[in-house]
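Chain residues, written in single-letter form:
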Protein chains: 2
Amino acid sequence: MEKYLVIFIFVGAVLALLFAVIMAKRVLSFDEGTEKMKKISRSIRSGANAYLKRQYTIVAAFFAGMFVILCVMAAFGLLTWFVPFAFVTGGFFSGLSGFVGMKIATFANDRTANACRTGLNKGLRVAFSAGSVMGFTVVGLGLLDISIWFTLLKYVFNQDAAGITSAMLTFGMGASSMALFARVGGGIFTKAADVGADLVGKVEAGIPEDDPRNPAVIADNVGDNVGDVAGMGADLYESYVGSVISCSALGVAAFNSQGMGFQAMAIPMIMAALGIVCSIIGTFFVRTGEKAEQKLLLKALSRGTNFSAILIAVAAFPLIWFILGSSYYPLYFAVLAGLVAGVLIGKSTEYFTSDSYKPTKKLAEKSETGSATIIIGGLGLGMLSTALPIVIIGIAVLIAFFVPSWLTQGADINSTQLGLYGIALAAVGMLSTLGITLATDAYGPVADNAGGIAEMSGLEPEVRERTDALDSLGNTTAATGKGFAIGSAALTALALIASYIDKIHGMDNTVTYDSFSVMNPLVLIGLFIGACLPFVFAALTMEAVGRAAQSVVIEVRSQFKKIKGLMEGKADPDYAKCVDMCSRSSLKEMILPTIIAIVVPIVVGLILGFYGVVGMLAGATASGFLLAIFMSNSGGAWDNAKKYIEAGHHGGKGSDQHKAAVVGDTVGDPFKDTSGPSINILIKLLSMVSIVFAALVVNFHLFG
Amino acid sequence: MEKYLVIFIFVGAVLALLFAVIMAKRVLSFDEGTEKMKKISRSIRSGANAYLKRQYTIVAAFFAGMFVILCVMAAFGLLTWFVPFAFVTGGFFSGLSGFVGMKIATFANDRTANACRTGLNKGLRVAFSAGSVMGFTVVGLGLLDISIWFTLLKYVFNQDAAGITSAMLTFGMGASSMALFARVGGGIFTKAADVGADLVGKVEAGIPEDDPRNPAVIADNVGDNVGDVAGMGADLYESYVGSVISCSALGVAAFNSQGMGFQAMAIPMIMAALGIVCSIIGTFFVRTGEKAEQKLLLKALSRGTNFSAILIAVAAFPLIWFILGSSYYPLYFAVLAGLVAGVLIGKSTEYFTSDSYKPTKKLAEKSETGSATIIIGGLGLGMLSTALPIVIIGIAVLIAFFVPSWLTQGADINSTQLGLYGIALAAVGMLSTLGITLATDAYGPVADNAGGIAEMSGLEPEVRERTDALDSLGNTTAATGKGFAIGSAALTALALIASYIDKIHGMDNTVTYDSFSVMNPLVLIGLFIGACLPFVFAALTMEAVGRAAQSVVIEVRSQFKKIKGLMEGKADPDYAKCVDMCSRSSLKEMILPTIIAIVVPIVVGLILGFYGVVGMLAGATASGFLLAIFMSNSGGAWDNAKKYIEAGHHGGKGSDQHKAAVVGDTVGDPFKDTSGPSINILIKLLSMVSIVFAALVVNFHLFG
């Protein structure tokens, strides 16, 4: 059976990549539009490419350094020799996912704008196809890399199950490191350009958004591509791969003694492959008649994702039954719990951030008494919105952990290990249909950019209206996407903590899952430090955005002053200069936060030992989950409250209320697009670093 | 020896109360000033009294209800019969502390303003004397109640050490419940009035702060008294009593097997008594020459607190040596660690929030690009400022836990229990000189009010300048005070978690400190829920301030419209109406957050069992500590950035930068004066409720 399973995984990966290629061809088959549109699109594309090239150069230097460090550790016997190579490939493919997604997005921007000249539905098709390229590239590359490493380790190097998962977790660390660079760097770039362009353009000079006279306008659009697209691609590649690998590792730990280590390891991979098939089928349901309204479009998108989710929910049952045998079928409920939890967290996000519901409407109302009250209201809303996801994740964990062991009573398996495998399976269940959920998520920035191009190339107002409709639809799907990203991050992080303890147990078998009581002061201090890390990380990324934006402000102001005839539209601004400013400052600023995420777990381990590390990981997961939801939802609600006012409520565009809401939105920008999403990666990277450096910490530590 | 120790504690308490009476007489011996000042002061006093009466009526109903519930539980054998009575007395005395402090503050306000007509130093003496009344009333009442309950339980009812500490922990729960009501209710009142008065008065009508034409101006001053004074009094009574009681409980647990339970229990009480003596001595060092400048005044205050701290640091060593014998003297290092940690956290707060240092100066600079950037900057600053206190507390816990057991190796005592007792002693060490630190803290609101009275009664501008100088001095000492409050809350909460586990151990001796591994899913889910609670709590209190402020805004606007001649100073506004509005809304809003703090631990226990409860307590302590520091420091920095601009930097008063800074300050108001300080109480109340309802949870729970 073994080889068939491996082939099945491989086939799933190739299918996804093929589908991505077909979708890419489809996107490219559309017309680019007018010469002006082409020219603008080219500027955006070249700016984005230039940035990515510089980013990847810096990241490559980091990876080279880490490679040397890991090789030295391997030479001292603290790691196997697979580790350095796995680390580098993880980083490479994570970066590649972001690159491909961004490439196609920059080709789809003007095509979407042009398609919107014909109609809303055609625009959706182009943008959604571009999103699909990204979605299926991420899952295809992810699964391909997993299956290649797996084949190499198992059939070429003859590693046992534990050896395989150990090397593959390092692969995950590479992916997470790359993802953090991409998210933080891209997130700073996009928000610095956005905030900078708005502050001088909209507020000081009084010209509309995306006005071609604004020198930062191209940088703003480049930012959408390098942050919201390339950053998201690398990010979700990391989530996808991380959840599969950590689940495999726990499967081996739980089932090896039963002689079923291989099967348990394969299940998450096969579920991922099956998820790809379900996602591809789902995309065919994203269709509407030519004259569709916005509401019907949302329904079309939801139909696709819902159908895929139902398909995988049905298919997972026979899968688990078939591979693990009838005794362990209850693990299916763990998968189901994860799937449902992901959907529910998405719904909760939607409730708190969409202007169709009370919270955001009430928030918009607070603009009546000025910016201070809308800020207080948004912060309160975000903090309050953490409660529901916590309860949802709590219930999902309870089900995933306890139900399998209750229903398999009598089976000769450690119930804690079975339960932890269940938690990891819940994360995989949540992400199994990532292909299509990411497609519906990634199309948003494409639509956003299309709007920018429509504005800059002076297309008819109804084109901009259509791209705006697509964009605001994208906000809703992005909310759902965030639910999956945050929820899976928490579950994967828990699975990784368990893997860490397994690894320590392998070196010191007196250490078990029960060894980490919160009343052990080392665990407790670790918990405090871990809980603090997301706060510090969020602070650093927010302040980085502030500093970078300030440099853009200064540049834009000076161009307005120096370039004669700019305001009259007689002279062109120096777009490239702003792109360069953003690149330079975001690349400089992305380094410190990432280094902290890598260095702190090692330092904590060297001082507080592995007790401190486990405490730190638990603390970081809990506080990171909360902070990520808080920041994402506050930011989303401010954004939509502003849009709600712009739609004519509470005084509408240009009123004092609108100005107050713009302040809220500006504060929310780094919240939701820089700090919030980076925290998801942070909490996993902390665990992966801890796992890779476990042997070092076990051998050298001050306390414990 | 026993009886002498008890007498010593009793004497300490009486000394403190006597000193408070002397200070009160001294305050009252000063002149009240002009008729106008007297009249204004009377209005403030009667408003504050009226509010407190209504608040205490509501709280009394709550206590009556809880009393019945606790009696029912006692009737079912789930509690001893001491519990309901201890609960009620704790609440009573906590409320009394707030009441006395507020009473004297309302008498000292106009006297301070009047004294400032003569000079800065005389003003300081009046305000500081009033602060001393509060400080020594809190510690005196606290220690008196502890010693009375102790005497009753031990000598009248012949309870053993465990029985005594158990009843006294309930006493703590009563104090914490009262404190939470006082802090939340008072905090909402003061900020609703403040924000409401500013939004309409300063921003819309363009009249200066504290202008008598503003209908909310009296409510604003009443708010300072009921929130910053009465709320703080109840709060710190709770902190003081909580730290002593929880330390006593752990002392019994650790030393009972050695036959030294009584001694270990007495140590924190005796240290508190000793701290009172040291504090009284310290107050005599708060003196300067008649012509002192502001800098010298700060030195005078610091001299007093520093001298007291050094005294207790010296005296604690022979105390421990004498009572516990030469083997256990290393517990002294725990006390020292706590004392030093408190000072260092205060210094860290000062660094991040005082405009003498870089962070706040840089924050003020961000006003140049508008309110959004100053908000982002302040949030970042607050989040970043959590790192240092976490490290400080971490080191203090390491020392307090490990040093005693390292140095007493060979002694026949459980090292974990010894270490936990050490952590609790660190908290007591931190709070031992509360008498004087609270005096320097509580004088701030008195000076603030004096400024208001000076403004309203049209005194010479130099009087207002002097009260402003006193007020800004108060901001610095308040920062130090906050360090002690937050730090001791974290340590006390940890001690209470240990007490909780001891209690569970008493009912089920398979449960030990080692039973609560973070990989137990019940502990883990509890951890997530606990970490979420401070977020939800902060959100609720912030939104309550928003709603209450909105009602004040509407009232003030309508008075400006309806009352003819108000703006010309020909007619008086209806001050009482605004006071009434604030009272009503703050009393309504204080109930939900407090109920949540009491109900959630019980519900979590009934579902997730005591494993879930311990996880919840650990999570709430970590995230509450972080959130409290974040919110306090962001708020403090915004406040001082505004003051820095008002002092003439970045455009000065009335500039656009100043307006941006005012937005920051308004956001910071509920941060630092409502949500932040309440979280300190919350994390302890959660533990105390858990302890009181432990028997219920052990008997009935769904999981575990």
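Residues numbered from 1 in each chain as written. Chains lettered and ligands numbered in written order. Predicted model: local features only at pLDDT ≥ 70, side-chain atom pairs only at ≥ 80, totals over all residues. Heavy atoms only, no water.

Caption draft 1: Structural context of the packing of aromatic side chains. Residues and elements named next belong to chain A. The tally for this structure, following the rule as stated, stands at 62 aromatic pairs over all chains. Ring centres of Tyr332 and Phe333 lie 5.7 Å apart, and the angle between their planes is 65°; on these two criteria the pair is classed as edge-to-face. Judged by relative accessible area, which is 30%, Phe333 ranks as partly exposed. For the ring pair Phe401 and Phe402, a centre distance of 5.0 Å and an interplane angle of 70° mean the geometry is edge-to-face. Neither residue differs from the other here; Phe401 and Phe402 are each classed as buried. (Phe/Tyr/Trp six-rings, centres within 6.5 Å; stacked < 30°, edge-to-face > 60°. Buried < 20%, exposed > 50% of the residue type's maximum accessible area, 1.4 Å probe, protein only.)

Caption draft 2: Inspection of the relation of the copies chain A and chain B at higher detail. For these two chains of identical sequence, chain A goes onto chain B by a turn of 180° and a shift of 0.0 Å along the axis, with RMSD 0.0 Å. The symmetry that links the two subunits is that of a two-fold axis. Using C-alpha coordinates, one finds that chain A approaches the rotation axis most closely at A:Ser517, a distance of 1.9 Å. Interface residue correspondence from chain A to chain B reaches 100%, placing this contact among same-surface, isologous pairings. (Least-squares fit on C-alpha atoms with pLDDT ≥ 70 in both. Contact = heavy atoms within 4.5 Å.)

Caption draft 3: Highlighting the interface of chain A and chain B. Between chain A and chain B, the contact holds 70 residues from the first and 70 residues from the second. Interface area, chain A with chain B, both sides summed: about 6100 Å², of which 86% is carbon and sulfur. When the area that chain A buries against chain B is broken down by residue, the three leading residues are A:Met519, A:Phe528 and A:Phe535, summing to 13%. Between chain A and chain B we count zero salt bridges in total. On the surface where chain A and chain B come into contact, there are seven residue pairs in polar contact (both at pLDDT 80 or more). At 20 residues, helix H16 (residues 521-562) of chain A tops the list of elements feeding residues into the side of chain A that touches chain B. Residues belonging to the side of chain A that touches chain B are distributed by class as follows: 55 nonpolar, 12 polar and three charged. (Buried area = accessible area lost by both parts, 1.4 Å probe. Salt bridge = Lys/Arg side-chain N within 4 Å of Asp/Glu carboxyl O. Polar contact = N/O pair within 3.5 Å; in protein donor to acceptor, adjacent residues only side chain to side chain. Helix = DSSP H or I, 4+ residues; strand = E, 2+ residues; numbered from the N terminus. Nonpolar A, V, L, I, M, F, W, Y, C, P; charged D, E, K, R; others polar.)

Caption draft 4: Summary view of the layout of surface pockets. All names here are of chain B. Considering only enclosed or pocket space, the second largest pocket measures out at about 710 Å³ in volume. Taken together, 35 residues form the lining of the second largest pocket, with Ala162, Ser499, Asp502, Lys503 and Gly506 sitting closest to its centre. Grouping the amino acids of the lining of the second largest pocket by side-chain chemistry returns 18 nonpolar, 14 polar and three charged. (1 Å grid on protein atoms, 1.4 Å probe; cavity = no way out; pocket = protein on both sides within 12 Å on 5 of 7 lines; lining within 4 Å. Points joined across faces, edges and corners; volume = space filled by probe spheres on them.)

Caption draft 5: Seen up close, the pattern of salt bridges. Taken as a whole and judged by the stated rule, the model has 41 salt bridges over all chains. Residue B:Lys577 is joined to B:Glu555 by a salt bridge in which the shortest nitrogen-to-oxygen separation is 3.6 Å. Linking B:Lys577 in helix H17 (residues 575-589) with B:Glu555 in helix H16 (residues 521-562), this pair joins segments that are 22 residues apart in sequence. Using a relative accessible area of 38% as the deciding quantity, one classes B:Lys577 as partly exposed. When the shortest N-O distance is used, the salt bridge between B:Lys672 and B:Asp669 registers 3.2 Å. Here B:Lys672 and its partner B:Asp669 are both found in helix H19 (residues 656-692), three residues apart, which amounts to about one turn of the helix. Take B:Lys672: its relative accessible area is 9%, and that puts it in the buried class. You can call B:Asp669 buried: its relative accessible area is 3%. A single network of salt bridges, built from pairs that share partners, joins A:Lys191, A:Asp194, A:Asp639, A:Lys643, A:Asp669, A:Lys672 and A:Asp673.

Caption draft 6: Examining unusual backbone geometry more closely. Of note, A:His650 is a non-glycine position whose phi angle comes to about 45°, a positive value. In this structure, A:His650 sits in the loop between helix H18 (591-646) and helix H19 (656-692).

Caption draft 7: Broad picture of the nonpolar core. Among the nonpolar cores identified, the biggest contains 559 residues, and A:Phe255 and B:Phe255 are the most heavily contacted of them. Each residue touching B:Phe255, except ones within four places of it in the same chain, is listed here: B:Met260, B:Gly261, B:Ala264, B:Leu324, B:Tyr328, B:Leu331, B:Ile413, B:Leu418 and B:Tyr421. (Core = buried A, V, L, I, M, F, W, Y, C linked by side-chain atoms within 4.5 Å.)

Caption draft 8: Quick look at the environment of A:Ile267. Mapped onto the elements, A:Ile267 comes out in helix H7 (residues 261-283). What A:Ile267 contacts, discounting residues up to four positions off in sequence, is A:Leu319, A:Ile320, A:Ile323, A:Leu324, A:Tyr421 and A:Leu425.

Caption draft 9: Region of interest: the packing of helix H3 (residues 82-118) of chain B against helix H4 (residues 120-156) of chain B. All names here are of chain B. With their axes 7 Å apart at the nearest point, H3 and H4 run at an angle of 165° to one another. The angle between H3 and H4 places the two elements in the roughly antiparallel class. At the point where H3 passes H4, the crossing takes the right-handed sense. (Axes fitted to C-alpha atoms, helices over the stretch in contact; angles between N-to-C directions. Parallel < 35°, antiparallel > 145°, perpendicular 65-115°, else oblique. Left-handed = near helix turned anticlockwise from the far one by under 90°.)

Caption draft 10: Looking closely at the environment of A:Met590. Residue and element names in this part refer to chain A. Following the sequence through the fold, Met590 ends up in the loop between helix H17 (575-589) and H18. Distance in space between the C-alpha atoms of Met590 and Ala400 is 36 Å, their sequence separation being 190 residues. In this structure Met590 touches Gln55, Ile58, Val59, Phe181, Val184, Gly185 and Ile188, once residues within four positions along its chain are discounted.

Caption draft 11: Main features of helix H13 (residues 415-431) of chain B. Residue and element names in this part refer to chain B. The end-to-end C-alpha distance of H13, which contains 17 residues, comes to 25 Å, matching closely the 24 Å that a straight helix rising 1.5 Å per residue would cover. Taken across its 17 residues, H13 has 15 buried, putting it largely inside the fold. One side-chain oxygen of the residue at the start of H13 lies 2.8 Å from the amide nitrogen of Thr416, identifying that residue as Asn414. (Expected span 1.5 Å × (residues − 1).)

Caption draft 12: A look at a nonpolar patch on the surface. All names here are of chain A. Together, Ile7, Val11, Leu15, Val277, Ile281, Phe284, Phe285 and Phe307 make up a nonpolar patch on the protein surface, roughly 630 Å² of accessible area in all. When contributions to the nonpolar patch are tallied by element, the ones reaching two or more residues are helix H1 (2-28) and H7. The leading source of residues in the nonpolar patch is H1, at three residues. Among the secondary structure elements, Val277 is positioned in helix H7. (Patch = residues over 30% accessible without salt bridge, like charges linked within 9 Å, V, L, I, M, F, W, Y side chains within 5 Å. Areas by Shrake-Rupley, 256 points an atom, 1.4 Å probe, with all protein chains shown as cover.)

Caption draft 13: Looking closely at the confidence of the model for chain A. Across chain A, pLDDT averages 90, with 98% of residues at or above 70. Two numbers describe this predicted complex: its pTM, 0.94, and its ipTM, 0.94. (pLDDT = per-residue confidence, 0-100.)

Caption draft 14: Local environment of the environment of B:Ala618. With respect to the secondary-structure elements, B:Ala618 resides in helix H18 (residues 591-646). Along the chain, B:Ala618 and B:Gly380 lie 238 residues apart, while their C-alpha atoms are 25 Å from each other. Ignoring anything within four residues of it in the chain, the contact list for B:Ala618 reads A:Val518, A:Leu527, B:Ile497 and B:Leu527.

Caption draft 15: Quick look at the state of the cysteines. With the rule as written, the count across this model stands at zero disulfides over all chains. As a non-bridged cysteine, B:Cys582 has B:Cys578 as the owner of its nearest cysteine sulfur, 6.6 Å distant. (Disulfide = S-S within 2.5 Å.)

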